[in-house]
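Coordinate inspection notes
Now for the letters of each chain:
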Amino acid sequence: MAGTVEHKLAALGVVLHEAPTPVANYVGFVRTGNLLFVSGQVCVNPDGKLIAKGKLGAGVTVEQGNAAAKGCAINLLAQIKAALGDLDKVVRVVRLGGFVNSAPDFLDGPKVLNGASDLMVAAFGDKGRHARTTVGVSSLPSDAAVEVEGVFEVS
């Protein structure tokens, strides 16, 4: 049965899918004490297809990147649900780390990552406000436009 957070997501048109499986030698999440570390999630949809492919500032728009970051955040939430069984066990979104596949002169990475941050705040309210880092990188796995990782305080 879906909890409060999943009902909020559903009202936004977001339905969680099964958490993506890792593509290399790592796990999707690690819990230590009351912290849940979720591995970087690229911008794949439930069918495993990239939401946005390529570089921001060289073919991928800020709007497309923002949608890709939201897709990464949905994948983070899917990992949290796999770890905890219930998103209502999230006490606080502590930190998001974002990686933006960027052309050398692309400067709007923070606007791209707002797609992930906005979803966390919409889902968790004030508990969704978090620290964040946004880094432009020269490439990401499968030429994904965006990847996002997260740290969550959980009960």
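What this report covers is the structure whose coordinates are included nearby. (Residues numbered from 1 in each chain as written. Predicted model: local features only at pLDDT ≥ 70, side-chain atom pairs only at ≥ 80, totals over all residues. Heavy atoms only, no water.)

1. A word on the overall build of the protein
Filter applied, for reference: Runs of H or I in DSSP of at least four residues are treated as helices and runs of E of at least two as strands, each being numbered from the N terminus. Both definitions apply: the radius of gyration is a C-alpha atom measure, and the globule rule equals 2.2 Å times residues to the power 0.38. Accessible area is worked out with a 1.4 Å probe on protein chains only. A residue is then buried under 20% of its type maximum, exposed over 50%, and partly exposed in between. Note on definitions: a residue-residue contact is assigned when non-hydrogen atoms from the two residues lie within 4.5 Å. A 1.4 Å probe and the Shrake-Rupley method give the accessible areas. Residues count as covered only by the protein chains that appear here. Here Asp and Glu are counted as negative and Lys and Arg as positive; His is not counted, and neither are the chain ends. Every charge is mapped to an atom, namely NZ of Lys, CZ of Arg, CG of Asp or CD of Glu.
Across its full length, the protein holds 3 helices and 7 strands. Order of helices (α) and strands (β) in the protein, N terminus to C terminus: α-β-β-β-β-α-β-α-β-β. Against the 2.2 N^0.38 benchmark of 15 Å for 155 residues, the protein shows a C-alpha radius of gyration of 14 Å, consistent with a compact globule. Its C-alpha atoms put the protein at 45 × 30 × 30 Å along the principal axes. Evaluated residue by residue, the protein yields a buried proportion of 43% over its 155 residues. Within the protein, contacts between residues at least 6 apart in sequence are counted, and of these 80% link residues at least 24 apart. Per element, the accessible surface of the protein, about 7600 Å² overall, is 54% carbon and sulfur. Charge centroids of the protein, computed over 14 positive and 14 negative side chains, lie 3 Å from each other.

2. Focus on the sheet that holds strand β2 (residues 35-42)
For sheets, the rule is that strands pair by backbone hydrogen bonds, running either parallel or antiparallel. The condition that has to hold: Pairing between two strands requires that DSSP report at least two bridges joining them. The axes used here are C-alpha line fits, helices contributing only the stretch in contact, and every angle between their N-to-C directions lies in the interval 0 to 180 degrees.
An order of β1-β2-β7-β5-β6 is seen for the 5 strands of this open sheet, with the pairing classed as mixed. Of all the strands in the sheet, the pair left with one neighbour each is β1 (29-32) and β6 (131-137). On average, each strand axis in the sheet is inclined to that of its neighbour by 15°, with strand direction left out of account. The sheet contacts of helix α2 (residues 62-84) involve β1, β2, β5 (90-101) and β7 (146-154), and relative to β2 the element is tilted by about 140°. Against the sheet, helix α3 (residues 109-124) contacts β5, β6 and β7, and its axis sits at roughly 160° relative to β5.

3. A look at the environment of G28
With respect to the helices and strands, the residue G28 is situated in the loop between α1 (4-11) and β1. Residues G28 and E6, 22 residues apart in the sequence, show an inter-C-alpha distance of 20 Å. Excluding its chain neighbours within four sequence positions, the residues that come into contact with G28 are P22, F37, V38, S39, Q41 and Q79.

4. Details of a nonpolar patch on the surface
Quick reminder of the rule: Patches here are clusters of residues that have more than 30% relative accessible area and form no salt bridge, with a 9 Å joining cutoff for like charges and a 5 Å cutoff for nonpolar side chains (Val, Leu, Ile, Met, Phe, Trp, Tyr). What makes a salt bridge here is a side-chain nitrogen of Lys or Arg within 4 Å of a carboxyl oxygen of Asp or Glu, nothing more.
There is a patch of nonpolar side chains on the surface, built from V27, V30 and F37 and spanning about 250 Å² of accessible area. Judged by its relative accessible area of 48%, V27 falls in the partly exposed class.

5. Brief notes about the packing of α1 against α3
Note the cut-off: The scheme is simple: roughly parallel for angles under 35 degrees, roughly antiparallel for over 145, roughly perpendicular for 65 to 115, oblique for anything else. Side-chain classes are defined by residue name, with Ala, Val, Leu, Ile, Met, Phe, Trp, Tyr, Cys and Pro counting as nonpolar, Asp, Glu, Lys and Arg as charged, and the others, Gly among them, as polar.
Relative to each other, α1 and α3 sit at 125°, their axes nearing to 8 Å. By the criterion of interaxial angle, the relationship of α1 to α3 is oblique. Facing V5, K8 and L9 of α1, the residues of α3 in contact are L119, A122, A123 and F124. For the contact of α1 with α3, the residue count by class is 6 nonpolar, no polar and 1 charged.

6. Quick look at the nonpolar core
Where we set the bar: Working definition of a nonpolar core: buried Ala, Val, Leu, Ile, Met, Phe, Trp, Tyr and Cys residues. They are joined through side-chain atoms within 4.5 Å.
If you look at the biggest cluster of nonpolar residues, it comprises 40 residues, and the most contacted ones within it are L9, L77, I80, M120, V146 and F152. Per-element accounting of this core gives the leading share, 9 residues, to α2. Other than its neighbours up to four places away in sequence, M120 contacts A73, L76, L77, V93, L96, G125, G128, H130 and F152.

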